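Descriptive analysis of the structure
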Amino acid sequence: MCGIIGYIGFRKASEVLLKALKTLEYRGYDSAGIAISNENGIEIKKGAGKVDDVATDLSFISLDGKIGVGHSRWATHGRVCNENAHPHSNCSKNVALVHNGVIENYLELKEELLKKGHKFESETDTETVAHLIEENLKSMAAEKAFSESIKRLEGSYSIVAIIKGEKRLFAARRNSPLILGIGENENFLASDIPAVLPYTKKIIPIEEEMLVSVSDSEYKIMDFGGMQVNPKVLEVDWDSTVAEKGGFAHFMLKEIYDQRISLKESLSAKTEEARKILDSAQNIHLIACGTSYHASFVFATLLEKELKKNAKAFIASDYQFVANPSNETVVIALTQSGETADTIQAVKFAKSKGAKLLSLTNVVGSSITRLSDSIVYLNAGPEVSVAATKTFSSQLAVIYKLIYGNSYLSNIPEIISNSLSQEQKIKELAQKIKDSKSIFFLGRGLSYPIAMEGALKLKEISYIHAEAYPAGELKHGPLSLIEEGVPVIALAPSDETKAKMLGNIKEVKARGGFVIALTDNPKLEKEVDAVIEIEKTRAELYPFAMLPALQLLAYYVSIFRGIDPDRPRNLAKSVTVE
Ligand code: F6R
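Residues numbered from 1 in each chain as written. Predicted model: local features only at pLDDT ≥ 70, side-chain atom pairs only at ≥ 80, totals over all residues. Heavy atoms only, no water.

**Here we look at the overall build of the protein**
To be explicit about the condition: Every helix listed is a DSSP run of H or I at least four residues long, and every strand listed is a run of E at least two residues long, numbered separately from the N terminus. The globule rule is 2.2 Å times the number of residues to the power 0.38, and the radius of gyration it is compared with is taken over C-alpha atoms. The buried label goes to any residue with under 20% of its type's maximum accessible area, the exposed label to any with over 50%, and the partly exposed label to all in between, with areas taken from a 1.4 Å probe on protein chains only. Note that accessible areas follow from Shrake-Rupley with a 1.4 Å probe, and for residues the cover is restricted to the protein chains shown.
Broken down by element type, the protein carries 18 helices and 25 strands. Scaling as 2.2 N^0.38, a compact globule of 578 residues should have a C-alpha radius of gyration of about 25 Å, and the protein matches this with 25 Å. Its C-alpha atoms give the protein principal-axis dimensions of roughly 80 × 50 × 45 Å. Per-residue burial for the protein yields a buried fraction of 62% across its 578 residues. Counting only carbon and sulfur atoms, one obtains 48% of the accessible surface of the protein, whose full area is about 21,900 Å².

Right under this line is the structure:
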């Protein structure tokens, strides 16, 4: 949540910051702002709204200076308004900083600062830090004033600050992501790698509880005790164009189509070590949130059915209240960002009970990787749209490779391509259902988690209530919700669920439901209102045939309702608060 960026170098900082904020916008987009340090001191431009809305005010770009910080906000403390937008400053305006996270003891600190005469302009926790630094600057040099202030903070933060007259950026990290991008005579600090990709591929993921001091030509990384560390510089092989729209109307549509290529990369993921861990495990707990939870549900099913393990998928935020891990448990965390706070906390709980951790993630150097005993990277490339699409299919691909090895998986990208060829038909159906109040998704077996994913995709970007049910559950309650014209998306592949799904479809039709079947069974055509054809394939590969159709359906319903599918309200990618 919240995207932060810092720049120091030879370019016009305002241009670098605004471009980076556009890339980071998926982390939060209710307000945006930048602060530049130049011969006039520190100048700040900020406001409520998306980066594009705020930055159309040309004064943003006209700010001169080669040092600056920027922020795109997902509100935690304080309403969405101009005052609460970052960067935040202090009474004498000699500090400006951006923050991602939550300062838990800010009320206590604020009270102390108010007593010392500080005046606050916003309702945020973040502003407290700027005043704290100001207070320390009265008796200390800049670097010390910054580090002493940081040491007083409780909670989570990645913070980047500029201080008047200092040709450095000051940063700190605790439980929120931060990377250092190393360029030639320029350096960057950012929440995420894509923000720095146009300038450098050399990065250092900043470790937990570290302080950073960066000039245009060198950097210093220290722990909170002041001890300098020299972490390895990583070369990322992501292409900066992957984080651009490439002619598509939205990142989401581009990323749906990217799957034809990203899946090939995911299928080449290194899985040998992880497979050994699975072979030696008997009790496996899978931990994830949202879309990643749906992937973990597929994983748990295949571990049970194919590898005969005791495996259970847990919602990460509930894990500590319902699970009982031990040193005999192997925990598998699925998180594309590697930064989801709920997942990280659940993993820490499992590790405190002695569990071993295997993680599946997309982001090199992310927080989860530092906790893991073994890691499998998804190799899906950066995903910008808030709604996960290509990273979900990549999770499935890696899961399948772990379960089945390499046999017959190589045609998965082709199955995806064929499914995308239904786009026109899907668009027409999206038009038909776009004004519905509720839409239901039904599936059995492996199709059920795919139905859950279809429902999540639809609800998060179209704001229509959508729910998935294991089709057999319908008669145990939800059937009462079906009335004339209610859309029901039935996942009905020709696998072992075929006959029972037909029965459930008939139950819905008998109550007047408008059934759209995803099927390769031509006989279903006369039973339902519309068919989205899927490729006939091996039973276990049907999820790949159905998924792109569900993603496209959600995308077009969102478009026809006039919503920006890349930036659904109230949401952000990478949820770093619990
Ligand atoms: C939905 C979506 C979210 C994420 C969830 C977990 O489209 O993207 O539900 O799947 O926030 O995120 P990661 O996988 O980064 O842990």
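**Quick look at the side chain of Glu453**
Rule in force here: Contacts are assigned to residue pairs that have any heavy atoms within 4.5 Å of one another.
Summarising the element assignment, Glu453 is placed in helix 16 (residues 447-462). Apart from residues lying up to four places away in sequence, Glu453 is in contact with Thr291, His294, Ala388, Phe392 and Leu547.

**Quick notes on the nonpolar core**
Counted only if it meets this: Residues belong to a common nonpolar core when they are buried Ala, Val, Leu, Ile, Met, Phe, Trp, Tyr or Cys residues joined through side-chain atoms within 4.5 Å. Segmentation into domains, and thus their bounds, comes from an automatic or database assignment.
Among the nonpolar cores identified, the biggest contains 84 residues, and Leu286, Phe299, Leu303, Ile332, Leu360 and Phe441 are the most heavily contacted of them. Of the residues forming this core, the biggest block, 13 residues, is contributed by helix 18 (residues 542-560). Of the residues that make up this core, three or more belong to each of domain 2 (245-410) and domain 3 (422-566). Among the nonpolar cores identified, the runner-up in size contains 29 residues, and Leu24, Ile36, Leu63 and Ile203 belong to it.

**Regarding the domain arrangement of the protein**
As a reminder, the rule being used: A quick way to say it: buried area is the sum, across both parts, of accessible area lost when two parts are put together, with a 1.4 Å probe. A pairing counts as a salt bridge when a side-chain nitrogen of Lys or Arg comes within 4 Å of a carboxyl oxygen of Asp or Glu.
Once the domains are mapped, the protein shows domain 1 (3-240), domain 2 (245-410) and domain 3 (422-566). Inter-centroid distance (C-alpha atoms) of domain 1 to domain 2 is 31 Å. Here domain 1 packs against domain 2, burying approximately 1,100 Å² in sum over the two surfaces, 63% of which is carbon and sulfur. In this assembly, domain 1 and domain 2 are joined by one salt bridge.

**Concerning unusual backbone geometry**
Residue His86 is joined to Pro87 through a cis peptide bond whose omega torsion reads 0 degrees. Although it is not a glycine, Lys93 adopts a positive phi angle of roughly 55 degrees. Given a relative accessible area of 35%, Lys93 falls into the partly exposed group. Positive phi, close to 60 degrees, is recorded for Asn175, a residue that is not glycine. For Asn175, the position within the fold is in the loop between strand 8 (169-174) and strand 9 (179-182).

**Some points on a negative patch on the surface**
Stated formally: Patch membership requires over 30% relative accessible area and the absence of a salt bridge. Like charges are linked within 9 Å, and nonpolar side chains (Val, Leu, Ile, Met, Phe, Trp, Tyr) within 5 Å. The charged-residue count follows a simple rule in which Lys and Arg add positive charge and Asp and Glu add negative charge, with His and chain termini not counted at all. In this description, the location of a charge corresponds to atom NZ of lysine, CZ of arginine, CG of aspartate or CD of glutamate.
Together, Glu104, Glu108, Glu111, Glu154 and Glu578 line one region of the surface with negative charge. Examined against the element boundaries, Glu111 turns out to sit in helix 4 (residues 106-115). Glu111 gets classed as partly exposed once you look at its relative accessible area, which sits at 47%.

**Some points on the pattern of salt bridges**
In the structure shown here, the tally under the stated rule is 28 salt bridges. In this structure, Asp52 and Lys22 form a salt bridge, with 3.0 Å as the shortest nitrogen-oxygen distance. With Asp52 in helix 2 (residues 51-55) and Lys22 in helix 1 (residues 13-24), this residue pair connects regions lying 30 residues apart in the sequence. Between Glu25 and Arg567 there is a salt bridge whose closest N-O contact spans 2.5 Å. Linking Glu25 in the loop between helix 1 and strand 2 (31-38) with Arg567 in the segment after helix 18, this pair joins segments that are 542 residues apart in sequence. Within the structure, one salt-bridge network assembled from shared partners comprises Lys22, Glu25, Asp52, Asp564 and Arg567.

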